[in-house]
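What the coordinates show
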Amino acid sequence: MNIRSFLAKYVGYKSVSCDDSCLKDMKNVRNFLCDFLHDSGLQIQEVAAEKHGIILAKNDHKLGRNTVLLYGHYDVQPAEEPGWESDPFTMVEHDGRLYARGASDDKGGTSTFLVALNELLSENRDFPLNITVVLEGEEEIGSPGMLKFIQEYRDELRADFAVVADTGSIDEENIILTTGLRGLVGFELTLRSAKHDIHSGYGGAIVNPIRELVKLCASFHNPDGSVNIPGFYDNVVPPSEFERSQTRLLPFKDAEFLAKLGVKKLSNDQDAYSAIDSMRFLPTLEFNGITGGYQGDGLKTIIPGEASVKITCRLVNNQDVDTIRFLLKRAIYERVDSNIEVELNFEKASNPYNLLSNPDCFDNATSIGHGIKIADQEIKNIFGKSPLYLRDGGSIALMRLLKDVLSLDSILVGFSSTRDHIHDANESISVEMLEKGCIFFKNFLTRLALD
C-alpha cells in the first residue's frame, strides 16, 4: 500500500467537523475508512456520537496476546485562511512535502498506522497482536462524544496501553515521544449594550461594546504576558529537572524557534522560562478571534449593539477545567459594568494529561514501560537518534479520558513538525516523515506482537 496514494484519497474529503455543510463529507470519509479497515481484515463498528460517528475496529482478539489501542481523528479544521497556494482538499506534492488540509493533523498521523496495519495484516491475517483502532470525527470540536463512548464501550477498549500519532516532533531527525498534553477550556464571550446597532452620531452618550470588550480583554494579561486571573496559577506544578533537561537538548534556542514559526516577536514572559519551555510547561489564555460591528468594505458609521471574542485557555499539570471555568466566570462578571449584558458560552474542555505522573512509565517490567522501550529503540533505529521526552503545548481530550475511565496510559509519537503549519494555510507534511512513520508502526507493532 502506497501511503502517499492513501493520504491523497483521505485528504480529499472535506471533513470539517465544526461546519454542518460538510456532513456529507464526514459520512463519506467514515465510509472510506471503514472500507479500508474492513479490507485490512478488521471487524468494524460505527458508534453514534454527538455529531459525527466514531469508528471502532478490531481484529480477532485472543488470550495471551499483547493488546494495543491505536487512536486518531478523521476530522480537520476549516481551510478558509487566506494564503492557500492550492486547493486545500486536493493533495499537492512539492519539494518533498505533501500539501493539504489534514495532511499533517491528523490524516497524515493516522495514515502512518492505518497503512502499516494494512500491510501487516495483508501479510498475516492472524497477526499475533490484539489490535483496537478508534477513529473519531469530533476531536477538533473538543471530543464531546468520547466520554460516553469510553464509558459504554469500556470492555471493548481494554488494552495494555494506547498509541497516538497526533503530536509533533522537531524535524526529520529529532523525534519526540510526548509525555504530556495541556488541557483546554474554550469559550465565546459576548457583550451586548443594545438590541441593535445605533447611528454613531449618538457616540459619547452611549456605551460602545467593542470598547468595553477590548478593555476587558486587555485586563486578562499582566505587562509581563502572564494571565491576570486571580487563582489561575494556584495549582500549577513546576516541571521536573528531567523535563527541563530534555528541552535543553533541543537543537535550537528561542531565536531559531521564532524563525521556524515565521513570527517576528516572542511573548515577553520569559524571565523564568524560555519560550520553548513556556509553551510546554505554563498555562495560557489566548484570543482566537474577535468581532463586532461592520466588517464590510468602506465605512459604516454605527455603534454596534454587541461585540464578541473567542478565547481558549491551555492548562497544565494539576489544573482542572471546572476550577478554571469558575475563575474565568468570576473575573469576567467582576470586571464588566452591570449595565452590559454578558453572554458566556463554554465549549471545548479537556483536562491535562501527564504520562510522567505514572512512575511505571519507564519500568520495562510494565506494559507501558515495555512499550516505551520498544518505541525508543525503533525511533533510534529509523531516525538515527534517540527520541526526546517532552510535553506538548497542544491538547487531545481522549488521553485524559482513557486515563480517568480505563486507567490507560498512552504513548504519543509525532511525525509532524514545526514546518507543517497545522491549522493554517498550506498545511503540509514531509514525505520522509510520513514514510518513516509508517515504517515505525510496522516495526513497533511487529516487535510488540513477538514479545
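Now for a look at the structure at hand.

Reading guide: rules and limits
- Residues numbered from 1 in each chain as written.
- Predicted model: local features only at pLDDT ≥ 70, side-chain atom pairs only at ≥ 80, totals over all residues.
- Heavy atoms only, no water.
- Buried < 20%, exposed > 50% of the residue type's maximum accessible area, 1.4 Å probe, protein only.
- Helix = DSSP H or I, 4+ residues; strand = E, 2+ residues; numbered from the N terminus.
- Pairing = 2+ DSSP bridges.
- Axes fitted to C-alpha atoms, helices over the stretch in contact; angles between N-to-C directions.
- Contact = heavy atoms within 4.5 Å.
- Patch = residues over 30% accessible without salt bridge, like charges linked within 9 Å, V, L, I, M, F, W, Y side chains within 5 Å.
- Areas by Shrake-Rupley, 256 points an atom, 1.4 Å probe, with all protein chains shown as cover.
- Salt bridge = Lys/Arg side-chain N within 4 Å of Asp/Glu carboxyl O.
- 1 Å grid on protein atoms, 1.4 Å probe; cavity = no way out; pocket = protein on both sides within 12 Å on 5 of 7 lines; lining within 4 Å.
- Points joined across faces, edges and corners; volume = space filled by probe spheres on them.
- Nonpolar A, V, L, I, M, F, W, Y, C, P; charged D, E, K, R; others polar.
- Polar contact = N/O pair within 3.5 Å; in protein donor to acceptor, adjacent residues only side chain to side chain.
- Phe/Tyr/Trp six-rings, centres within 6.5 Å; stacked < 30°, edge-to-face > 60°.

**Describing the pairing of strand β13 (residues 306–315)**
Summarising burial for β13: 7 of the 10 residues are buried, a large majority. Two strands pair when backbone bridges link them, and strand β9 (residues 183–192) and β13 are joined in this way by 10 bridges, in the antiparallel orientation. Among the inter-strand pairings, Glu-188 is bridged to a residue of β13, identified as Lys-310. Sheet topology places strand β11 (residues 284–292) next to β13; 8 bridges connect them, and they run antiparallel. If you follow Thr-291 over to β13, its bridge partner there is Ser-308.

**A few points about the sheet that holds β13**
Across a sheet, paired strands are connected by hydrogen bonds in the backbone, their directions being either parallel or antiparallel. On the basis of which strands lie adjacent, the open sheet formed by 4 strands has the order β11-β13-β9-β14 and antiparallel pairing. At either end of the open sheet lies a strand with only one pairing partner, and these are β11 and β14 (341–350). In this sheet, adjacent strand axes meet at a mean angle of 15° when their direction is disregarded. On top of the sheet, helix α5 (residues 209–218) reaches β9, β11 and β13; it is set at about 15° to β13, its chief contact.

**Re a nonpolar patch on the surface**
On the surface, Ile-210, Val-214 and Ile-290 cluster together into a nonpolar patch covering about 250 Å² of accessible area. Position of Val-214 relative to the elements: it lies in helix α5. The partly exposed category is assigned to Val-214, whose relative accessible area is 44%.

**What about the pattern of salt bridges?**
Side chains carrying opposite charge are able to pair once their charged atoms draw close together. Taken as a whole, this structure holds 26 salt bridges when the rule is applied. In this structure, Arg-30 and Glu-46 form a salt bridge, with 3.5 Å as the shortest nitrogen-oxygen distance. Residue Arg-30 is found in helix α2 (residues 23–39), and its partner Glu-46 is found in strand β1 (residues 43–47); the two are separated by 16 residues along the sequence. Arg-30 gets classed as buried once you look at its relative accessible area, which sits at 12%. When its relative accessible area of 47% is taken as the criterion, Glu-46 is described as partly exposed. Close ionic contact of Glu-243 with Arg-391 constitutes a salt bridge, the shortest N to O distance being 2.7 Å. Remark: Arg-391 occurs in strand β16 (residues 388–392) and Glu-243 occurs in helix α6 (residues 241–247); sequence separation between them is 148 residues. Take Glu-243 and Arg-391: they sit in the same class, and that class is buried. Taken together, the salt bridges that share partners define one network made up of Arg-192, Glu-306, Glu-341 and Glu-343.

**Focus on the layout of surface pockets**
Approximately 340 Å³ is the volume attributed to the second largest pocket. Residue lining of the second largest pocket: 17 residues in total, with Val-16, Cys-18, Gln-77, Pro-78 and Glu-80 positioned closest to the centre. Taken together, the residues of the lining of the second largest pocket sort by class into 8 nonpolar, 3 polar and 6 charged.

**Considerations on the side chain of Thr-312**
In this fold, Thr-312 is placed in strand β13. With relative accessibility at 17%, the residue Thr-312 sits in the buried group. Here Asn-288 takes part through its side chain, which lies 3.0 Å from a polar atom of the side chain of Thr-312. The residues touching Thr-312, leaving out its near neighbours within four places in the chain, are Leu-184, Val-185, Gly-186, Thr-284, Leu-285, Glu-286 and Asn-288.

**As for the packing of aromatic side chains**
Summed over all chains, the structure comprises 18 aromatic pairs. With centroids separated by 5.2 Å and ring planes inclined at 80°, the aromatic side chains of Phe-440 and Phe-441 adopt a geometry described as edge-to-face. Residue classification places Phe-441 among the buried residues on the basis of a relative accessible area of 0%. Among the aromatic residues, those joined into a ring-pair cluster are Phe-113, Phe-161, Phe-383, Phe-415, Phe-440, Phe-441 and Phe-444.

**Considering empty space enclosed by the protein**
One pass over the full model with this rule turns up 2 cavities of 30 Å³ or more. As a volume, the largest cavity reaches approximately 40 Å³. For the largest cavity, the full set of lining residues is Leu-177, Thr-178, Thr-179, Leu-355, Ile-372, Tyr-389, Ser-410, Ile-411 and Leu-412. Of all elements in the fold, only β8 (176–181) and β17 (410–413) reach the threshold of two or more residues within the lining of the largest cavity. When grouped by side-chain class, the residues that make up the lining of the largest cavity number 6 nonpolar, 3 polar and no charged. In terms of lining, the second largest cavity is formed by Gly-231, Phe-232, Asn-235, Gln-319, Asp-320, Thr-323, Ile-324 and Leu-327. For the lining of the second largest cavity, the per-class residue count stands at 3 nonpolar, 4 polar and 1 charged.

**Concerning the sheet that holds strand β18 (residues 428–430)**
Here we have 3 strands laid out as an open sheet, ordered β4-β5-β18, and antiparallel in their pairing. Unpaired on one side and paired on the other, β4 (92–94) and β18 mark the two borders of the sheet. Each neighbouring strand pair of the sheet contributes to a mean axis angle of 25°, computed without reference to strand direction. For β4 and strand β5 (residues 97–99), the ladder comprises 3 bridges, and the chain directions are antiparallel. The partner of Glu-93 across the bridge, within β5, is Leu-98.

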